[in-house]
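Structural overview
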Amino acid sequence: MELINKKVILASKSPRRQELLRLMGIDFRIVLKDVDESYPENLTPEEIAVYIAEKKARAFDESVDDEVVLTADTIVNVDGKILGKPETVEQAAEMLRILSGKVHRVVTGVCLLYKHKYNLFHDVSEVFFRKLTEEEINFYVHKYQPLDKAGAYGIQEWIGLIGIERINGSYTNVVGLPTEKLYQQLKRLG
């Protein structure tokens, strides 16, 4: 017996989101579409994450009807700045320097597209990083893959294990998908 019996399309190449869905026991397949992830400048971090998640889902609206399309976007917000995915190892190191010794917010916007209706929600977690040394930052950006992660880090990786003092909010939200909220929203779909 499955608690979530809808067919789900995950529109994400994130191995972390895929693993979270597997751990939730959700049957899904992956379909990727290229979407421009730009957004209006006047949006709050929460609005940005939801806006991009909805934009990703709109690419599927004409082609899907009886499956749930799950899209998400995670951003890191610190000192009024949005940190997306770094493009170079140098950018990744700079992002970690910015996060070092500070509290930042991780915002994940989620869109569930089902029968041409958009179910939008988000979650916010606060992450407390201790002061990182240059040696730790360089070790991480060269040994791991920070380029596919918002804010240049994965909480489940070495840098998270040695650098994060605590979080307020959902751990899985920081990984990239607020699973408790997602589960509740999936159960509500008609």
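Report on the accompanying structure.

Attention shifts here to the overall build of the chain. Counting its secondary structure elements, the chain contains seven helices and seven strands. For the chain, the succession of helices and strands along the chain, N to C, is β-α-β-α-β-β-α-β-β-α-α-β-α-α. Its C-alpha atoms give the chain a radius of gyration of 17 Å, near enough to 16 Å, the size a compact globule of 190 residues would have. Each of the three principal axes of the chain carries a C-alpha extent, and together these read 50 × 40 × 25 Å. By residue count, 51% of the 190 residues in the chain fall in the buried class. Intrachain contacts of the chain at a sequence separation of at least 6 include 67% that bridge at least 24 residues. Carbon and sulfur atoms make up 50% of the accessible area of the chain, which amounts to about 9800 Å² in all. Positive and negative side-chain charges of the chain, numbering 26 and 29 respectively, have mean locations separated by a distance of 3 Å.

Another aspect to go through is the nonpolar core. One finds Leu 70 and Tyr 153 to be the most contacted residues of the largest nonpolar core, which totals 42 residues. The element contributing the most residues to this core is helix α3 (residues 89-99), with six residues. Filtering out sequence-adjacent residues up to four positions away, Leu 70 remains in contact with Val 8, Ile 9, Leu 10, Ala 11, Leu 21, Val 110, Cys 111, Leu 112, Leu 177 and Leu 182. In terms of nonpolar packing, the next biggest core, distinct from the first, is built from nine residues, Ile 9, Phe 60, Val 64 and Cys 111 among them.

Taken as a whole, the largest pocket holds about 790 Å³ of empty space. Looking at the largest pocket, it is lined by 36 residues, and the ones nearest its centre are Arg 17, Glu 37, Lys 56, Asp 73 and Lys 85. Looking at the lining of the largest pocket, the elements that each hand over two or more residues are α1 (15-23), α2 (45-58), β3 (68-78) and α6 (171-175). Residue contributions to the lining of the largest pocket peak at five residues, all from β3. Of the residues belonging to the lining of the largest pocket, the class tally is 18 nonpolar, seven polar and 11 charged.

Applying the stated criterion to the full structure yields 15 salt bridges. Notably, a salt bridge pairs Glu 157 with Lys 149, separated by 3.3 Å at the nearest N-O pair. In terms of burial, Glu 157 and Lys 149 fall into one category: buried. When salt bridges that share partners are traced, they join Arg 16, Asp 148, Lys 149 and Glu 157 into one network.

Under the criterion given, the structure shown has three aromatic pairs. An angle of 65° between the planes, with centres 4.7 Å apart, marks the rings of Phe 139 and Trp 158 as edge-to-face. Taken together, the residues Phe 139 in helix α4 (residues 134-143) and Trp 158 in helix α5 (residues 158-163) connect sequence positions 19 residues apart. Look at Tyr 140 and Tyr 144: their rings are 5.2 Å apart centre to centre, the planes differ by 20°, and that puts the pair in the stacked class. Between the NZ or CZ atom of Lys 33 and the centre of the ring of Phe 60, over which it lies, the distance is 4.8 Å. Its end group placed over the ring of Phe 128, Arg 166 keeps NZ or CZ at 3.7 Å from the ring centre.

Right, let's talk about helix α7 (residues 179-188) for a bit. Regarding α7, the residues found buried are Thr 179, Leu 182, Gln 185 and Leu 186. Seen end-on, α7 carries its buried residues on one side only, within an arc spanning 125°. Away from the buried face of α7 by more than 90 degrees, exposed residues Glu 180 and Arg 188 are located. Buried residues along α7 sit in contact with α1, β3, β5 (103-114), β6 (117-129) and α6.

In an α-helix, one turn spans 3.6 residues; hence positions three or four apart end up facing the same way. A rise of 1.5 Å per residue sets the reference length of α2, with its 14 residues, at 20 Å; its end C-alpha atoms lie 20 Å apart and thus fit the reference within 8%. Counting buried residues in α2 gives 10 out of 14 residues, a clear majority hidden from the surface. Burial in α2 covers these residues: Pro 45, Glu 46, Ile 48, Ala 49, Val 50, Ile 52, Ala 53, Glu 54, Lys 56 and Ala 57. Looking at the buried side of α2, the elements it contacts are β3, β4 (81-83), β5 and β6.

Parameters at a glance
- Within any chain, residue numbers begin from 1 and follow the written order of that chain's sequence.
- Given that the model is predicted, a residue must reach a pLDDT of at least 70 before its local features are reported, and side-chain atom pairs must reach 80 or more before they are shown or counted; all residues, however, enter totals for whole chains, interfaces and linings.
- Remark: hydrogens and water are excluded; side-chain values derive from all non-hydrogen atoms of the structure.
- For helices the rule is a DSSP run of H or I covering at least 4 residues; for strands it is a run of E covering at least 2, with both sets numbered from the N terminus onward.
- To get the radius of gyration, use the C-alpha atoms; to get the globule rule, take the number of residues to the power 0.38 and multiply by 2.2 Å.
- Each residue gets one of three labels from its accessible area relative to the maximum for its type: buried under 20%, exposed over 50%, partly exposed in between, using a 1.4 Å probe on protein chains only.
- Here, residues are in contact when the closest pair of their heavy atoms is within 4.5 Å.
- Throughout, the Shrake-Rupley method with a 1.4 Å probe supplies accessible areas, and for residues the shown protein chains are the sole cover considered.
- Here Asp and Glu are counted as negative and Lys and Arg as positive; His is not counted, and neither are the chain ends.
- Working definition for charges: the position is that of NZ of Lys, CZ of Arg, CG of Asp or CD of Glu.
- Only buried Ala, Val, Leu, Ile, Met, Phe, Trp, Tyr and Cys residues count toward a nonpolar core, and they belong to the same one when joined by side-chain atoms within 4.5 Å.
- In this analysis, the protein atoms alone were mapped onto a 1 Å grid. Cavities are point sets where a 1.4 Å probe fits without being able to get out; pockets are open sets with protein on both sides within 12 Å along at least five of seven lines; lining residues have an atom within 4 Å of a point.
- Grid points are joined across faces, edges and corners, and a volume is the space filled by probe spheres set on the points.
- We call Asp, Glu, Lys and Arg charged. Ala, Val, Leu, Ile, Met, Phe, Trp, Tyr, Cys and Pro are nonpolar, and the rest, Gly among them, are polar.
- A carboxyl oxygen of Asp or Glu within 4 Å of a side-chain nitrogen of Lys or Arg is what we treat as a salt bridge.
- Note on ring pairs: Phe, Tyr and Trp rings are taken, using the six-membered ring of Trp, and paired if centres are within 6.5 Å. Classes follow the plane angle, with under 30 degrees stacked, over 60 edge-to-face and the rest tilted.
- Our definition puts a charge over a ring when NZ of Lys or CZ of Arg is within 6 Å of the ring centre and also within 35 degrees of the ring normal.
- What the arc measures is the spread of directions leading from the helix axis to the C-beta atoms.
- Any helix carries an expected span of 1.5 Å times its number of residues minus one.

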